[in-house]
Amino acid sequence: MKFTFLIPLLICLPLMIFAKGSLVKDFDGDGKFDKVFIHQKTKTIVYLLSTIDYKKISSLPFTELSDDAWLEATRHGFKFENRIGNVQYSSYFKYNKKEKNMELVSLKSKALTKGDVLVQGESFYKYSTKEFIGKWISFNPKLNKSMEMPILKTQVDMPTIFLNSFNDECLNHFSHKSRFYYEEEVSKLIY
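Let me sum up the structure you'll find in this document. For clarity, every value in this text was computed on a predicted model and none was experimentally measured. (Residues numbered from 1 in each chain as written. Predicted model: local features only at pLDDT ≥ 70, side-chain atom pairs only at ≥ 80, totals over all residues. Heavy atoms only, no water.)

## Overview of the overall build of the chain
Of regular secondary structure, the chain possesses two helices and twelve strands. Helices and strands appear in the chain in the N-to-C order α-β-β-β-β-β-β-β-β-β-β-β-β-α. Here the chain, with 191 residues, has 40% of them falling under the buried criterion. Total accessible area computed for the chain in this model is approximately 11500 Å², and 57% of it derives from carbon and sulfur atoms. (Helix = DSSP H or I, 4+ residues; strand = E, 2+ residues; numbered from the N terminus. Buried < 20%, exposed > 50% of the residue type's maximum accessible area, 1.4 Å probe, protein only. Areas by Shrake-Rupley, 256 points an atom, 1.4 Å probe, with all protein chains shown as cover.)

So this is what it looks like as structure tokens:
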């Protein structure tokens with residue numbers, strides 16, 4: 001009986017350690033391994049949870065899923081990393097016991113600078129507190145230099161998102177919100 005448990009563990013251990021596009025972990029807390037992986041062919045994130053008898057469920061298809069998109073285990077779930085253009089998105093998921101589904105608990109975007117990019121910075125949203133935080137650097141054309149803007153903290157009510165209704169449209173929506181707040185803050189600055 002003890003060896004029956006060791007065989008799946010030995011098979012899954014390399015997946016947990018080395019695979020960037022696949023994770024095996026007990027996400028739902030029932031003592032059984034679950035699996036989440038990026039399916040590049042269908043451009044989806046697929047997950048199989050033991051609490052729902054390993055029924056194959058997937059995210060919505062991504063229009064923009066980078067070839068180097070990856071997954072990483074976190075303390076209570078996992079993180080999905082995807083780059084769209086010059087923005088790196090980190091999406092954090094955790095198992096929701098009531099809904100028996102993986103829930104998006106926070107989102108982070110980071111503008112990656114390339115050449116003479118006028119805007120750079122980070123945006124973060126935590127669903128439990130409904131708090132949006134923006135840390136940006138803006139280019140001041142009059143002074144011909146980049147300036148760090150004051151950190152923005154504000155309350156935003158964004159709808160709950162589960163992994164089966166998640167794709168890059170959610171990331172783009174977050175990006176538009178971030179851009180809106182950024183432009184609002186820039187308009188307050190006196191250049």
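## Observations regarding the pairing of strand 8 (residues 101-111)
In this sheet, strand 8 lies alongside strand 7 (residues 87-96) in antiparallel orientation, the contact comprising ten bridges. What sits directly across from Asn 96, in strand 8, is Asn 101. Counting the residues in the hairpin turn of strand 7 and strand 8 gives four residues, including Lys 100, whose phi is positive at 55 degrees. (Pairing = 2+ DSSP bridges.)

## Some remarks on the nonpolar core
Ranked by internal contacts, the top residues of the largest apolar core, which has 39 residues, are Phe 78, Phe 80, Met 102, Phe 132, Leu 163 and Phe 166. Among the elements that make up this core, the one with the highest residue count is helix 2 (residues 168-188) (six residues). If we skip the residues at most four places from it in the chain, Met 102 touches Phe 27, Tyr 47, Leu 49, Phe 78, Phe 93, Lys 94, Tyr 95, Phe 162 and Leu 163. (Core = buried A, V, L, I, M, F, W, Y, C linked by side-chain atoms within 4.5 Å. Contact = heavy atoms within 4.5 Å.)

## A word on the pattern of salt bridges
Evaluated as defined, the whole model comprises six salt bridges. A salt bridge links Glu 81 to Lys 79; the shortest N-O distance between them is 3.4 Å. Taken individually, Glu 81 and Lys 79 each receive the classification buried, so the pair is uniform in this respect. The partner of Lys 110 in a salt bridge is Glu 122, with the nearest N and O atoms 4.0 Å apart. Of this pair, Lys 110 sits in strand 8 while Glu 122 sits in strand 9 (residues 119-126); the two residues are twelve residues apart in sequence, bridging distant segments of the chain. Judged by its relative accessible area of 38%, Lys 110 is partly exposed. (Salt bridge = Lys/Arg side-chain N within 4 Å of Asp/Glu carboxyl O.)

## Some remarks on the sheet that holds strand 1 (residues 22-25)
Through backbone hydrogen bonds, the strands of a sheet pair up, either in parallel or in antiparallel fashion. Strand order in the open sheet formed by four strands is 1-2-3-4, and the pairing between neighbours is antiparallel. On the outer flanks of this sheet lie strand 1 and strand 4 (56-58), each paired with one strand and no other. Going from strand to strand, the sheet's axes swing by 20 degrees on average, the running direction of each strand aside. The pairing of strand 2 (residues 34-39) with strand 3 (residues 44-48) spans five bridges and is antiparallel. (Axes fitted to C-alpha atoms, helices over the stretch in contact; angles between N-to-C directions.)

## Topic: unusual backbone geometry
Its identity as a non-glycine residue notwithstanding, Lys 43 has a phi of 55 degrees, on the positive side. Its identity as a non-glycine residue notwithstanding, Tyr 54 has a phi of 55 degrees, on the positive side. Along the chain, the position of Tyr 54 falls in the loop between strand 3 and strand 4.

These figures capture arrangement, not role.
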